[in-house]
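# Coordinates in review
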Amino acid sequence: MKNIYLYPKVFPCENPYINDLEKSLEGPFHVVNEMPTGKGVLNLFRFIFRADIFYFNWIESLTSKRFGKIQVLFFVFFAGLVKALGKKIVWTLHNQYSHDKEKSAWVDFMFWFMFRCSNLIITHSMTGIDFAQEKYPASVKKVKYFIHPLKEFINTDPIPDRSYDFLIWGTIWPYKGVVEFLDFIKASGKADTLRVLIVGKCINEKMKEELDNHMTPGAVHMDEFLDINEIANLAAKSRFILFTYRPESILSSGSLMDSIRMGSIIIGPRVGAFKDLSDEVFIKTYDTFDEILSINDIDNGEIESVKTIMKNFCEGNSW
């Protein structure tokens with residue numbers, strides 16, 4: 001059995017994707033870093049001789065962490081030791097760019113470095129392979145596509161009269177394009193008629209103020225954190241789950257996969273995992289916000305009929 005170090009496992013809160021990934025790895029592998037830590041990349045050195053494989057997620061965002069640039073330097077040194085000892089590096093390419101970091105030479109370097117030093121690169125979107133081919137062609141053979149795994153389908157009671165046209169859920173970041181969509185609704189003349197439910201905390205007060213200043217008469221913002229079952233119940237009251245992401249950085253989306261579990265038709269930009277799954281009847285994609293309005297004409301009977309298909313999809317692509 002191979003020993004594997006899984007990154008990140010951060011104290012005090014862990015990413016649900018990492019939790020699910022760890023459970024799926026246990027058995028074929030032994031995850032050596034059982035406890036979360038707040039020590040950043042320095043914790044890697046504790047396991048340099050105990051792990052055979054080092055498995056990284058979102059490591060390209062390292063410069064946004066505390067002492068980020070120093071951590072990058074330590075990480076480069078650590079990766080050199082790993083290669084010298086004949087151990088392996090696996091990296092999941094989740095995004096085309098870091099969501100929480102403006103364009104910078106440090107982030108560009110981390111992408112370049114991970115493409116170069118990784119033995120295996122996993123992507124949950126075919127666009128990840130295209131991205132590698134365009135930007136890092138020498139490393140494209142390392143990139144392997146696996147659909148983002150799903151957890152079990154969430155059953156909710158059918159609601160004939162849906163209270164909202166669109167549900168937008170999750171933490172509100174600038175890259176999610178929510179403010180731009182609200183501005184589009186105003187410009188379209190449908191600010192009073194389109195019912196939009198936005199559920200999620202803003203990343204900071206500046207984001208919250210900006211969102212508040214762009215709300216439309218038909219929009220409601222629930223400024224709170226809800227668990228997945230509570231969100232699924234709100235999805236049952238909505239005609240669609242809508243993603244308004246800016247397309248520049250998106251590859252895969254854990255929120256998309258969780259939304260499939262809720263049984264509502266999903267609308268998202270024609271990029272990344274949304275594009276990969278656009279042949280599925282429960283995924284509708286758009287290039288511009290104008291196309292969302294025509295998708296909104298789908299009748300409620302069609303929306304309800306796809307639930308069985310989505311449940312089978314979850315079962316066929318589980319962790």
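In this report, the structure presented in the accompanying data block is examined. (Residues numbered from 1 in each chain as written. Predicted model: local features only at pLDDT ≥ 70, side-chain atom pairs only at ≥ 80, totals over all residues. Heavy atoms only, no water.)

## Structural notes on the packing of aromatic side chains
The relation between two aromatic rings is expressed through the spacing of the ring centres and the mutual angle of the planes. This model, assessed by the stated rule, comprises 31 aromatic pairs. Centre to centre, the rings of Tyr17 and Trp58 are 5.7 Å apart; their planes meet at 75°, and the pair counts as edge-to-face. In this pair, Tyr17 sits in helix α1 (residues 16–25) while Trp58 sits in the loop between β3 (53–57) and α2 (68–84), placing the two residues 41 residues apart along the sequence. Judged by relative accessible area, Tyr17 falls into the buried class, the value being 8%. Given the relative accessible area of 23%, Trp58 is considered partly exposed. Ring geometry for Trp91 and Phe115: centres 5.2 Å apart, planes at 90°, overall edge-to-face. You can see Trp91 sitting in strand β4 (residues 88–93) and its partner Phe115 sitting in helix α3 (residues 105–117), a full 24 residues away along the chain. (Phe/Tyr/Trp six-rings, centres within 6.5 Å; stacked < 30°, edge-to-face > 60°. Helix = DSSP H or I, 4+ residues; strand = E, 2+ residues; numbered from the N terminus. Buried < 20%, exposed > 50% of the residue type's maximum accessible area, 1.4 Å probe, protein only.)

## Things to note about the packing of α2 against α3
To characterise two packed helices, one gives the angle between the axes of the helices and the distance between these axes. Across the interface, α2 lies against α3 with an axial gap of 12 Å and an inter-helix angle of 10°. The orientation of α2 with respect to α3, classified from their angle, is roughly parallel. Contacts from Lys69, Val72, Phe75, Val76, Ala79 and Lys83 in α2 reach Trp106, Phe109, Met110, Phe113, Met114 and Cys117 in α3. Here the residues of the contact of α2 with α3 sort into 10 nonpolar, no polar and 2 charged. (Axes fitted to C-alpha atoms, helices over the stretch in contact; angles between N-to-C directions. Parallel < 35°, antiparallel > 145°, perpendicular 65-115°, else oblique. Contact = heavy atoms within 4.5 Å. Nonpolar A, V, L, I, M, F, W, Y, C, P; charged D, E, K, R; others polar.)

## Concerning the sheet that holds strand β2 (residues 29–31)
Across the sheet, 6 strands lie side by side as β2-β1-β3-β4-β5-β6; this open sheet has parallel pairing. Taken across any chain shown, the strands that pair with only one partner, and hence form the sheet edges, are β2 and β6 (143–145). Neighbour-to-neighbour, the strand axes of this sheet turn through a mean angle of 25°, independent of strand direction. In the packing of α3 onto the sheet, the strands contacted are β3, β4, β5 (120–123) and β6, and the crossing angle to β4 comes to about 130°. (Pairing = 2+ DSSP bridges.)

## Observations regarding unusual backbone geometry
Following Tyr7, the chain continues into Pro8 via a peptide bond in cis, with omega recorded as 0°. In this fold, Pro8 is placed in the loop between β1 (2–7) and α1. If you check the backbone angles, Trp58 has positive phi at about 60° while not being a glycine. Although it is not a glycine, Phe67 sits at a positive phi angle of roughly 55°. Here Phe67 lies in the loop between β3 and α2.

## Quick word on the sheet that holds strand β11 (residues 266–269)
Judged by pairing direction, the sheet is parallel, and its 6 strands sit side by side in the order β9-β8-β7-β10-β11-β12 without closing on themselves. In this open sheet, the two edge strands, each paired with only one partner strand, are β9 (219–222) and β12 (283–286). Taken pair by pair, the neighbouring strands of this sheet meet at an average axis angle of 25°, ignoring direction. Looking at chain direction, strand β7 (residues 164–169) and strand β8 (residues 196–199) are connected through 4 bridges and run parallel.

## With respect to a negative patch on the surface
Taken together, the side chains of Asp183, Glu205, Glu209 and Glu210 present a region of like negative charge at the surface. For the negative patch, the element with the most residues is helix α6 (residues 205–213), which contributes 3 residues. By the element assignment, Glu210 lies in helix α6. (Patch = residues over 30% accessible without salt bridge, like charges linked within 9 Å, V, L, I, M, F, W, Y side chains within 5 Å. Areas by Shrake-Rupley, 256 points an atom, 1.4 Å probe, with all protein chains shown as cover. Salt bridge = Lys/Arg side-chain N within 4 Å of Asp/Glu carboxyl O. Lys, Arg positive; Asp, Glu negative; His and termini not counted. Charge placed at Lys NZ, Arg CZ, Asp CG, Glu CD.)

## Focus on the pairing of β8
Here β8 shows two buried faces, one formed by Val196 and Ile198 and the other by Leu197 and Val199. Following the chain from β7 across helix α5 (residues 178–188) to the adjacent parallel β8, one finds a crossover that is right-handed. (Right-handed = clockwise from strand over helix to strand, strands pointing away.)

## Thoughts on the packing of α5 against α6
Close contact between α5 and α6 brings their axes to 9 Å; oriented N to C, the two are set at 10°. Classified by the angle between their axes, α5 and α6 sit roughly parallel to one another. Residues Val178, Val179, Leu182 and Lys186 of α5 lie in contact with α6, whose contacting residues are Met207, Glu210, Leu211 and Asn213. Its residues placed into classes, the contact of α5 with α6 shows 5 nonpolar, 1 polar and 2 charged.

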